[in-house]
Amino acid sequence: QVQLVQSGAEVKKPGASVKVSCKASGYTFTGYYIHWVRQAPGQGLEWLGWINPNRGGTNNAQRFQGRVTVTRDKSISTAYMELSRLTSDDTAVYYCAREDLYDSRGIDLWGQGTLVTVSS
Amino acid sequence: QSVLTQPPSVSGTPGQRVTISCSGSKSSVGRNPVSWYQQLPGTAPKLLIYRNEQRPSGVPDRFSGSKSGTSASLAISGLQSEEEAYYYCASWDDSLNGVVFGGGTKLTVL
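This text gives an overview of the structure that appears in the document. (Residues numbered from 1 in each chain as written. Chains lettered and ligands numbered in written order. Predicted model: local features only at pLDDT ≥ 70, side-chain atom pairs only at ≥ 80, totals over all residues. Heavy atoms only, no water.)

Comments concerning unusual backbone geometry
Residues and elements named next belong to chain B.
Then step 1. With a phi close to 75 degrees, N52 is a non-glycine residue in the positive phi region.
Then step 2. Mapped onto the elements, N52 comes out in the loop between β4 (46-49) and β5 (63-68).
Then step 3. Classification of N52 by relative accessible area gives buried; the value is 18%. (Helix = DSSP H or I, 4+ residues; strand = E, 2+ residues; numbered from the N terminus. Buried < 20%, exposed > 50% of the residue type's maximum accessible area, 1.4 Å probe, protein only.)

Written out as structure tokens, the structure is:
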């Protein structure tokens, strides 16, 4: 079954970091970008960045430069997104999603989402 | 404030045709393909349209997309009650060097 399965909900204090995982199965992990997109409560979608699982190259949204780190472990078909220096504004559902590396057909598969709550 | 501009809401009755607009800039919609996503309450987004007008397998042909210049549109014909959801457009932005989304449009089926 083709799917992306994310790690569970997290509660963090302001100033801390959070690391969310995204395990791919049912397809060739290295053939698709992994994007990270978040959605604050009652708000729209916001892109954080992507990783090329094949070569490991990344591209992050300018407003998150220096705060977001996207990595991957090819051996277990898993991507990670770490967000540091958390504030209450980072409370959101974080999604990973894939896009074909070589023949883009949109972001065609999404994980179930991981709720990150930042609260003192 | 989102880089791509969508109307906050649209509505229609069952069987009607509705359109949702998405306005961008030269560096986004003007130069790059647009995709559209449907988000039902409490679920992850689902791809409806890619490359401006292409439908993934399994998406009904009642959904169609188009693009002209720096604007794109999603049309839904034969509206059904289960299509009440939020709809988002997205594109690459060459100036921002990243993916940008519209603010989302809530479709209400009356």
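Here we look at the pattern of salt bridges
Then step 1. Evaluation of the coordinates by the stated rule reveals 10 salt bridges over all chains.
Then step 2. A salt bridge links R38 of chain A to D90 of chain A, with the nearest nitrogen and oxygen atoms 2.8 Å apart. Placement of R38 of chain A in strand β4 (residues 32-39) and of D90 of chain A in the loop between β8 (78-83) and β9 (92-100) is noted, with a sequence separation of 52 residues between them. The pair R38 of chain A / D90 of chain A is uniform in exposure class, with both members buried.
Then step 3. The closest approach of N and O atoms between E83 of chain B and R62 of chain B, which form a salt bridge, is 2.2 Å. Separated by 21 residues along the polypeptide, E83 of chain B in the loop between β6 (71-76) and β7 (85-93) and R62 of chain B in the loop between β4 and β5 bring together distant segments of the chain. Across the pair, exposure class does not vary: E83 of chain B and R62 of chain B are buried alike.
Then step 4. Here the salt bridges do not stand alone but share partners, grouping R38, E46, R63, R67 and D90 of chain A into one network. (Salt bridge = Lys/Arg side-chain N within 4 Å of Asp/Glu carboxyl O.)

Comments concerning the sheet that holds strand β2 (residues 18-23) of chain B
In sheet architecture, strand pairing relies on hydrogen bonds along the backbone and comes in two forms, parallel and antiparallel.
Residues and elements named next belong to chain B.
Then step 1. The sheet built from 3 strands is open, its strands ordered β2-β6-β5 with antiparallel pairing. The sheet is open, and its two borders are formed by β2 and β5, each paired with just one other strand. Ignoring which end each strand starts from, the neighbouring axes of this sheet average 20 degrees apart.
Then step 2. Relative to β6, β5 runs antiparallel, the two sharing 6 bridges. Note that in β6 the partner of S64 across the bridge is A75. (Pairing = 2+ DSSP bridges. Axes fitted to C-alpha atoms, helices over the stretch in contact; angles between N-to-C directions.)

A short note on the interface of chain A and chain B
Then step 1. Taken together, the contacts link 20 residues of chain A with 17 residues of chain B.
Then step 2. Interface area, chain A with chain B, both sides summed: about 1,500 Å², of which 58% is carbon and sulfur.
Then step 3. A per-residue breakdown of the area chain A buries against chain B is headed by L45, W47 and W110 of chain A, which together make up 35% of the total.
Then step 4. Applying the counting criterion to the chain A and chain B interface returns 1 salt bridge.
Then step 5. R51 of chain B is the salt-bridge partner of D103 of chain A, the closest N and O atoms lying 2.3 Å from each other.
Then step 6. On the surface where chain A and chain B come into contact, there are 9 residue pairs in polar contact (both at pLDDT 80 or more).
Then step 7. For the side of chain A that touches chain B, the secondary structure elements donating two or more residues are β4, β5 (45-51) and β10 (107-110) of chain A.
Then step 8. Tallying contributions element by element places β5 of chain A first for the side of chain A that touches chain B, with 4 residues.
Then step 9. A class-by-class count of the residues in the side of chain A that touches chain B yields 7 nonpolar, 9 polar and 4 charged. (Contact = heavy atoms within 4.5 Å. Buried area = accessible area lost by both parts, 1.4 Å probe. Polar contact = N/O pair within 3.5 Å; in protein donor to acceptor, adjacent residues only side chain to side chain. Nonpolar A, V, L, I, M, F, W, Y, C, P; charged D, E, K, R; others polar.)

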